[in-house]
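Geometric and topological summary
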Amino acid sequence: MLSEEDKANEISVRYWFTCIDVDGDNKLNNMEMRSFYAVQLDRMQCLGHEIVPFEDMLCQMIDMIKPAHQDYLIVSDFLQLECAQVSGALFDALFNLNKYMQFEQRDPFMERQKREDEFDSDWDRFACIDYTRLAMEEEAREEEAMEIDWVTVEEDDDDDDMGDEFSSLGLGGASEAPF
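For the structure given in this document, a descriptive report is provided here. The structure presented is a predicted model; accordingly, all values stated were derived computationally and were not measured.

Side note on the overall build of the protein chain
Within the protein chain, the secondary structure is distributed over nine helices and zero strands. When the 179 residues of the protein chain are sorted by exposure, 28% land in the buried category. By sequence separation, contacts in the protein chain at least 24 residues apart represent 57% of the contacts at least 6 residues apart.

Digging into unusual backbone geometry
You will see that N26, though not glycine, has its phi angle at about 60°, which is positive. Structurally, the position occupied by N26 is in the loop between α2 (10–20) and α3 (30–47). Judged by its relative accessible area of 55%, N26 is exposed.

Some words on the pattern of salt bridges
Across all of its chains, the model carries five salt bridges by this definition. Ionic pairing is found between E10 and R14, a salt bridge with its closest N-O pair at 3.0 Å. With E10 and R14 both in helix α2, this residue pair falls four residues apart, about one helical turn. The exposure class assigned to E10 is partly exposed, which follows from its relative accessible area of 43%. The shortest N-O distance in the salt bridge between R141 and E138 comes to 2.8 Å. A residue pair is termed a helical-turn pair when its members lie 3 or 4 positions apart in one helix, as R141 and E138 do in helix α9 (residues 122–168) at three residues. Here the residues in one salt-bridge network are D130, R133 and E137, joined through shared partners.

Examining the nonpolar core
In terms of nonpolar packing, the biggest core is built from 30 residues, with M33, Y37, M57, F78, L90 and Y100 touching the most fellow members. Those elements giving two or more residues to this core turn out to be α2, α3, α4 (54–65), α5 (75–78), α6 (88–95) and α7 (97–104). In terms of residue count, the dominant contributor to this core is α4 (seven residues). Sequence-distant contacts of M57, defined by excluding residues within four places in its chain, comprise Y37, V52, L90, A93, L94 and Y100.

Quick word on α3
Here α3 is 18 residues long and its end C-alpha atoms lie 25 Å apart, about the 26 Å a rise of 1.5 Å per residue gives. Residue F36 marks the point of greatest curvature in α3, where the axis turns by about 30°. Considered for burial, the residues of α3 that qualify are E32, M33, F36, Y37, Q40 and M44. Its buried side turned inward, α3 meets α2, α4, α6 and α7. Among the residues of α3, the N-terminal cap falls to N29, whose side-chain oxygen and the backbone nitrogen of M31 are separated by 3.0 Å. Remark: G48 follows α3 within two positions and exhibits a positive phi of approximately 80°.

Quick look at the packing of α4 against α6
Remark: α4 packs on α6, axes separated minimally by 9 Å, with the N-to-C direction vectors making an angle of 160°. In terms of axis orientation, α4 runs roughly antiparallel to α6. Here the hand of the crossing between α4 and α6 comes out left-handed. Residues M57, M61, M64 and I65 of α4 form the contact with α6, whose participating residues are A89, L90, A93 and L94. Residues that form the contact of α4 with α6 fall into these classes: eight nonpolar, no polar and no charged.

Examining the packing of aromatic side chains
For any pair of aromatic rings, geometry is given as the distance between the ring centres together with the angle between the planes. In total, this model carries seven aromatic pairs according to the counting rule given. With 4.9 Å between their ring centres and 75° between their planes, Y15 and W16 make a pair best called edge-to-face. For Y15, a relative accessible area of 43% puts it in the partly exposed group. Residue classification places W16 among the buried residues on the basis of a relative accessible area of 8%. Seen from their ring centres, F17 and F78 are 6.1 Å apart, and the 75° between their planes marks the pair as edge-to-face. On the criterion of sequence distance, the pair formed by F17 in helix α2 and F78 in helix α5 is long-range, its members being 61 residues apart. The residues F17 and F78 share a single accessibility class, namely buried. Its end group placed over the ring of Y72, K27 keeps NZ or CZ at 4.6 Å from the ring centre.

Each value, and the rule that gives it
Residues numbered from 1 in each chain as written. Predicted model: local features only at pLDDT ≥ 70, side-chain atom pairs only at ≥ 80, totals over all residues. Heavy atoms only, no water. Helix = DSSP H or I, 4+ residues; strand = E, 2+ residues; numbered from the N terminus. Buried < 20%, exposed > 50% of the residue type's maximum accessible area, 1.4 Å probe, protein only. Contact = heavy atoms within 4.5 Å. Salt bridge = Lys/Arg side-chain N within 4 Å of Asp/Glu carboxyl O. Core = buried A, V, L, I, M, F, W, Y, C linked by side-chain atoms within 4.5 Å. Expected span 1.5 Å × (residues − 1). Bend = angle between axes of the 7 residues up to and from the residue. Polar contact = N/O pair within 3.5 Å; in protein donor to acceptor, adjacent residues only side chain to side chain. Axes fitted to C-alpha atoms, helices over the stretch in contact; angles between N-to-C directions. Parallel < 35°, antiparallel > 145°, perpendicular 65-115°, else oblique. Left-handed = near helix turned anticlockwise from the far one by under 90°. Nonpolar A, V, L, I, M, F, W, Y, C, P; charged D, E, K, R; others polar. Phe/Tyr/Trp six-rings, centres within 6.5 Å; stacked < 30°, edge-to-face > 60°. Lys NZ or Arg CZ within 6 Å of the ring centre and 35° of its normal.

Okay, structure coming up:
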């Protein structure tokens with residue numbers, strides 16, 4: 001889960017790099033990346049998203065990552081300080097279409113706000129947001145349970161009132177025949 005939510009983390013970078021490096025040469029070449037991106041292209045088409053050609057995606061990623069070699073990427077390219085926050089975008093492009101689409105349609109003002117927030121990593125941000133979501137869901141369940149308890153108490157009170165009405169009519173609590 002950590003590797004999915006915080007792709008800027010060194011352990012995550014090494015994990016995703018290894019997933020793509022199918023020939024094990026410690027270099028990501030166009031063919032390796034293209035094979036993973038082909039699956040995303042099919043998903044884009046099926047979901048009705050605008051198709052982003054592999055060449056366009058790769059050019060954008062190369063511009064952001066600024067690798068030491070133009071023909072391939074190595075782990076240290078992803079671990080550069082200046083590209084640590086954007087290197088995960090390539091992994092999202094190859095493995096997580098939803099996050100890649102969010103990246104493609106990102107709001108520059110939100111990105112700036114994200115860079116200036118209190119969180120040290122994407123994982124910290126994810127954990128805080130998810131914790132808040134879970135706490136709100138739990139609070140909603142507790143409020144719903146309290147509402148059910150109140151309805152039950154009110155119905156019980158109404159039943160007691162009916163017995164009092166019959167007593168005031170002189171019928172008592174018994175239901176015996178008078179003869």
